[in-house]
Amino acid sequence: MQAVSAAAHSPEQHAIATGAAERIGADAPARFALLDDPDEWAQFSRPGAASPSGDAPPDCWESNVVFEGMHCTACAGVIENALLAVPGVRLAEVSAASHRGRVVWDAGATRPSAWMNAALKAGYQPLPAHDPEASERRLAETRKMVWRLGVAGLCMMQVMMYATPTYFTEPGEIAPDLVNLLRWAAWVLSIPVIVFSCQPFFANAWRDLCQRRISMDLPVALAMLITFVVSTLGTFEPDGMFGREVYFDSLTMFVFFLLAGRWLELRLRDRTAGALEALMHRLPESVARQRADGSFERVSARRLRVGDVVQVLPGESFVADGVLLRGATHADEALLTGESAPVPRGVGDVVIAGSHNLSATVEQRVDHLGADTRYAQIVALMEAACTSKPRVAQLADRLAKPFLLAVLLIAALACLWWWPSDPERAVMIGVAILVVTCPCALSLATPAAMLASAGSMARSGVLVRRMQALEVLAQADTLVFDKTGTLTRDGLVVSSVQTRPGVSAQEALALAGALAQTSLHPVSRALAQAAQQQPSGHGGEGGAPCWRVRDSQELPGQGVRALLQPDSDGMAAARALRLGSAAFCGVERAGTTAVGAQAHLADDQGWLASFFLQEDLRADALAAVRALQAQGLDVRLLSGDGPQAAQSLGAQAGIVNVQGGCTPADKLAAMQALQRQGKVVAMVGDGLNDGPVLAGANVSTAFGRSVPLARAQSDFVVLGEHLMAVAQLVAKARRTMRVVRQNLAWAAAYNAVAIPLAIAGWMPPWAAGLGMASSSLLVVVNAMRLSSTDEGT
C-alpha cells in the first residue's frame, strides 16, 4: 500500500490481475506470477512486518489474503502448514471464521507466487485481500450453494414420497415388486444428490486423502458414500446382506440439512465479511485531478501524488488525507471515527481518506496517500484482528485433527461391535457416528463470536487489534485512566476571570485574546479561542478581534507584550499590554489562588486581569466513569500533574482513587503493584506518551482521534472522542465472552449426548445430519447476535 508503488501500478496491470483471479486452472501459476511485481504485491502487503521472534528484517512483508474453499478449523491448519513449508515464509495465521490469512514473508528468499502456489496445491485458492471482485466471487459461491441445496431439497421430497408407504405398513402388506420399484425410483433420484449436491464434500475428502491429511469433510463424505453404497446394494440385491432396508431417504435428508446449514453459515459469515469490505473498499478507483491549466481530468487513484489537487463530487469518497481548498460540505466519517452524524467541513479543514462527501463539490489538496493515510492504518488493524486467534480458538485448532481421528476410530469400533448381530445396522450406526460427531460447532464457537463482536465494534469506531484481548477485558476488575488526552481534551479552557475594578471580564478577555493570537503557547491558544467565542462587540464578529496588534514580541517562558489600538479609532493612543506569568506582568497578588494554569494581563497602570485555566474535561467523562463503576470496575486515575490538580479533576470525573505527580515510571510501578495484588488491570490512555504503561497492563485501550495508529501497541483503539465508548467496550467484551461460553457449552453438551445415542443405535443417520447441521447453525446464529451495536443483553 505504499504511495509510490501504488501510483506506479497501471490500470492495465490491475485489470490483468483481477481478471485472472477468475481462472483457477492451468493458468494459476502465471496468474500468481503477476503478483511477484513489487508494484502488485504492494496492493495487499505492507513492508516492515515483524517475525514471531520480534525482529523485522528490512525486506520482510506482511500480506493479507483470502482463502477460498475453507470450511473448518482443520482447513485453517492445513493452509498454515502448507505456507510455513515454503522457505522464506516466517509466519502464517489463518482464521477459520473469516477465511482470511496473514502471511509474513522475506522478499529476499521467496515471492508471493511461491507461497500462493503452495496454498493452491493444498486445495485452497489464495486471493489478495483487497481484490475488488471478492464480493462477486462470494455471490457466485452463494448461488452455486443454492443450486446444490435446491437439487438436494427437490430430490429429498421425492425420495420421501416413495419411502412413505414403507413407514406406515407392516412387512408383506406391499407387494415385493412394488417395494423394489419404489427403491429403484429412490435410487435414481439419489444420483443427482450424490453427483452434484455432494460434489464439494467428495472433492475435499479426496484431496485430503491424496495429501495424507484429514479434515471435517472426510467423515461426512465417508458417511454419504457408505450410505449410498449400502442402499444401492440393497436395491440391486433385495435378498442380500443389506437388502432388508435402504436409506436413500436418510441420505438425501442428511445432505439437505448439511447444505442448508452451510448455506446459512455462508450468508451469516458474509454479513461480517461484507461489513469489513465496506470499509476496505471505500476508496474510489478513479478521481478528478487538476491539470496545470486549472481544468480537471479523470485519472486512476494510483496516479495521484502528494500535492495534487482533486475535485470530489457529492456521493464520492475522499481518496486521500488532505485540506479542503475550495467549497464546503458535510462528510460522513462513521466507519472511520464512529461519529454517526455528518460533520461539517470547510476551507482549511482536514478531511480523511475513506470518508464520504455528502452535500457539495469540493476541491482538496492531497497531503497523505496510501499507507500514510489514517484510513490505511485502520484497515491494517482490522485485517490483523480478522486473522488473530484467541487462546480458545488456538486450542480448538490443536484438537481438531485428534478429534477427527477419534471420530473415525469410534465409528469403526462401533461398527465392529454391532457387526456380528446385525451387519446392516452396524454400518448405519457407524454412519450416524461419522455424521453426528462433526466438530463444526466446536471449531466455530469462539472465532464466530469474536469476529462478529469485532465487526460490530468497528462500526462503532472501536478497533480490535488482538482478539485475545476481549477475553482479558471481560475479566478486568480495575480500570486505570491516564488524564491528559483521555479524561480531558488536548487543550485548556478558561474557567474564571478576575479583573481590577472598572474592567469587565469581557473586555479583559478581548484584550488578552488579541495578544494571544500572536502566540502558539497552549495557554495563548485557549485565551484566543475564549475571546473568539464571545458575543460580537467583545471578541469581534466571526472571531475577528476588535484590537489591532503592533510590535508584538514573545519572550519564551515569560509571555507576550505588544501595543494594542482599537480598530474603530485609528487615532487613539495605543495601549502597551503584557500577557504571561505573574513575574512577567509585575503582579504580586492576583486575587485568590486557584488550581491549574494561570495567565495575567497588565498595562502601564499595573495588574489588569488574571485568567484561570483548567484542562477541558470531556463532557461524558462523569457518565462514562459511573457506567464503568456500575459494571463493578475499580476506576482509578494516574496523572503527571500535581496531586492537588489531579484530585480536583478526579473529583469532577467521579474518581476517588487518584494519584498525581506520577512520572511514566511511577505509573508503571503503580500498575504493577495492582497486578501483584491479583488485579486484572485495564489501562486507557492516548497512546502518545504512555506506551510503557499501556504495554504493561493486562489489557489496554488507546483513546482519541490523535492516536498514532501505526505506532499504538494497545489491544483496542477508540477512534472517536466519546469516553462512553470505553464503557460500551467493556460491556461488549463481557457479552462476547458470555456468548462464547454459551457456544462452547452447547457444542460440548451436544457431542456428550449425541455420541452415546449414535453408538447405542438410537439415532438414525438423518437425525444425526439434522443435529449436526442444527448445532453448527445455532452457534453461528448465537454469535451473530453480537453483530448488533445495541449493548443490551
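See the structure shown above.
Now for a look at the structure at hand. (Residues numbered from 1 in each chain as written. Predicted model: local features only at pLDDT ≥ 70, side-chain atom pairs only at ≥ 80, totals over all residues. Heavy atoms only, no water.)

1. Things to note about the overall build of the protein
In step 1: Regarding its fold elements, the protein presents 27 helices and 27 strands.
In step 2: For the protein, buried positions account for 52% of its 793 residues.
In step 3: Counting contacts in the protein only where the partners sit at least 6 residues apart, residues at least 24 apart contribute 68% of the total.
In step 4: With an accessible surface of roughly 33500 Å², the protein has 59% of that area assigned to carbon and sulfur atoms. (Helix = DSSP H or I, 4+ residues; strand = E, 2+ residues; numbered from the N terminus. Buried < 20%, exposed > 50% of the residue type's maximum accessible area, 1.4 Å probe, protein only. Contact = heavy atoms within 4.5 Å. Areas by Shrake-Rupley, 256 points an atom, 1.4 Å probe, with all protein chains shown as cover.)

2. Re the packing of helix 22 (residues 621–630) against helix 26 (residues 724–759)
In step 1: Where helix 22 meets helix 26, the closest approach of the two axes is 8 Å, and the angle between their N-to-C directions is 20°. On the basis of the axis angle, helix 22 is roughly parallel to helix 26. Of the two possible hands of crossing, helix 22 and helix 26 adopt the one that is left-handed. Counted together, Ala623, Ala624, Ala627 and Leu628 of helix 22 and Met724, Val726, Ala727 and Val730 of helix 26 form the full contact between these two elements.
In step 2: Class assignment of the residues belonging to the contact of helix 22 with helix 26 gives a composition of eight nonpolar, no polar and no charged. (Axes fitted to C-alpha atoms, helices over the stretch in contact; angles between N-to-C directions. Parallel < 35°, antiparallel > 145°, perpendicular 65-115°, else oblique. Left-handed = near helix turned anticlockwise from the far one by under 90°. Nonpolar A, V, L, I, M, F, W, Y, C, P; charged D, E, K, R; others polar.)

3. Considerations on the environment of glycine 720
In step 1: Within the secondary structure, glycine 720 sits in the loop between strand 27 (716–718) and helix 26.
In step 2: A residue is classified by how much of its surface remains accessible, and glycine 720, at 9% relative accessible area, is buried.
In step 3: For the pair glycine 720 and serine 460, spaced 260 residues apart in the sequence, the C-alpha separation amounts to 8.8 Å.

4. Observations concerning the sheet that holds strand 13 (residues 356–357)
In step 1: A sheet is described by the order of its strands in space; here three strands give the open sequence 11-10-13, paired in antiparallel fashion. Both outer strands of the open sheet, strand 11 (343–345) and strand 13, are each paired with one neighbouring strand and no more.
In step 2: Sheet analysis places strand 10 (residues 329–332) next to strand 11, joined by three bridges and oriented antiparallel. In the sheet register, alanine 331 faces strand 11, and the bridge partner there is valine 343. (Pairing = 2+ DSSP bridges.)

5. Examining the sheet that holds strand 24 (residues 657–659)
In step 1: Taking strand neighbours across the sheet as the criterion, the seven strands line up as 15-27-26-25-16-23-24 in an open arrangement whose pairing is mixed. For this open sheet the edge positions go to strand 15 (462–464) and strand 24, each flanked by a neighbour on one side alone. Each strand of the sheet is rotated relative to its neighbour by a mean of 20°, with strand direction disregarded.

6. A closer look at the pattern of salt bridges
In step 1: The tally for this structure, following the rule as stated, stands at 18 salt bridges.
In step 2: Measuring nitrogen to oxygen at the nearest pair gives 3.8 Å for the salt bridge that ties arginine 90 to aspartate 106. With arginine 90 in strand 3 (residues 89–94) and aspartate 106 in strand 4 (residues 100–106), this pair connects stretches of sequence that are 16 residues apart.
In step 3: Between arginine 102 and glutamate 93 there is a salt bridge, and its shortest N-O distance comes to 3.2 Å.
In step 4: Assessed through its relative accessible area of 16%, arginine 102 is described here as buried.
In step 5: Each member of the salt-bridge network shares a partner with another, and the members are Arg289, Arg291, Glu297 and Asp308. (Salt bridge = Lys/Arg side-chain N within 4 Å of Asp/Glu carboxyl O.)

7. Focus on the side chain of aspartate 321
In step 1: Turning to its location among the elements, aspartate 321 is positioned in strand 9 (residues 321–326).
In step 2: With residues up to four places along the chain from it excluded, the contact list for aspartate 321 reads Val351, Ile352, Ala353, Gln364, Arg365, Val366, Asp367, His368, Asp372, Thr373 and Arg374.

8. Side note on the nonpolar core
In step 1: With 54 residues, the main nonpolar core has Phe201, Met224, Phe254 and Val255 as its most contacted residues.
In step 2: For this core, the element with the highest residue contribution is helix 15 (residues 423–436), accounting for ten residues.
In step 3: In contact with phenylalanine 201, not counting residues within four places along its chain, are Asp217, Val220, Ala221, Met224, Leu258, Leu259 and Arg262.
In step 4: Ala452, Leu470, Leu479 and Leu628 belong to the second largest nonpolar core, which has 52 residues in total. (Core = buried A, V, L, I, M, F, W, Y, C linked by side-chain atoms within 4.5 Å.)

9. With respect to the side chain of aspartate 603
In step 1: Along the chain, the position of aspartate 603 falls in strand 21 (residues 597–603).
In step 2: The exposure class assigned to aspartate 603 is buried, which follows from its relative accessible area of 5%.
In step 3: Among the polar contacts made by the side chain of aspartate 603, one reaches the side chain of arginine 500 at a distance of 2.8 Å.
In step 4: Not counting chain neighbours up to four residues away, the residues in contact with aspartate 603 comprise Arg500, Arg575, Ala576, Leu577, Arg578 and Leu608. (Polar contact = N/O pair within 3.5 Å; in protein donor to acceptor, adjacent residues only side chain to side chain.)

10. Things to note about the environment of valine 781
In step 1: Take valine 781: it is sitting in helix 27 (residues 765–784).
In step 2: Sequence-wise, valine 781 and alanine 448 are 333 residues apart; in three dimensions their C-alpha atoms are separated by 9.2 Å.

11. As for helix 26
In step 1: Relative to the 52 Å expected for 36 residues at 1.5 Å per residue, helix 26 spans 53 Å between its end C-alpha atoms, a close match to the ideal helical length.
In step 2: Looking one or two residues beyond helix 26, the residue adopting positive phi is glycine 761, at roughly 85°. (Expected span 1.5 Å × (residues − 1).)

12. Remarks on the packing of aromatic side chains
In step 1: According to the stated counting rule, one finds eight aromatic pairs in the structure shown.
In step 2: Considering the side-chain rings of phenylalanine 228 and phenylalanine 248, the 6.2 Å spacing of their centres and the 65° angle between planes classify their relative orientation as edge-to-face. Here phenylalanine 228, found in helix 10 (residues 217–236), pairs with phenylalanine 248, found in helix 11 (residues 248–280); they are 20 residues apart in sequence, far enough to count as distant.
In step 3: One aromatic cluster is present, built from ring pairs that chain together Trp184, Trp187 and Phe236.
In step 4: The ring of phenylalanine 196 is capped by arginine 148, whose NZ or CZ atom sits 5.3 Å from the centre of that ring. (Phe/Tyr/Trp six-rings, centres within 6.5 Å; stacked < 30°, edge-to-face > 60°. Lys NZ or Arg CZ within 6 Å of the ring centre and 35° of its normal.)

13. Some thoughts on unusual backbone geometry
In step 1: You will see that aspartate 551, though not glycine, has its phi angle at about 55°, which is positive.
In step 2: Among the structural elements, aspartate 551 can be located in strand 18 (residues 547–555).
In step 3: Of the residues examined, aspartate 551 reaches a relative accessible area of 58% and is grouped as exposed.

14. Notes on the packing of helix 17 (residues 468–475) against helix 26
In step 1: At a minimum axis separation of 8 Å, helix 17 and helix 26 run at an interaxial angle of 105°. One element, helix 17, and the other, helix 26, form an angle in the roughly perpendicular class. In this structure, helix 17 uses Leu470, Glu471, Leu473 and Ala474 to contact helix 26, whose residues at the interface are Leu729, Val730, Ala733, Arg734, Thr736 and Met737.
In step 2: Residue composition of the contact of helix 17 with helix 26, grouped by class: seven nonpolar, one polar and two charged.

Don't take any of this as a statement about function, it's just geometry.
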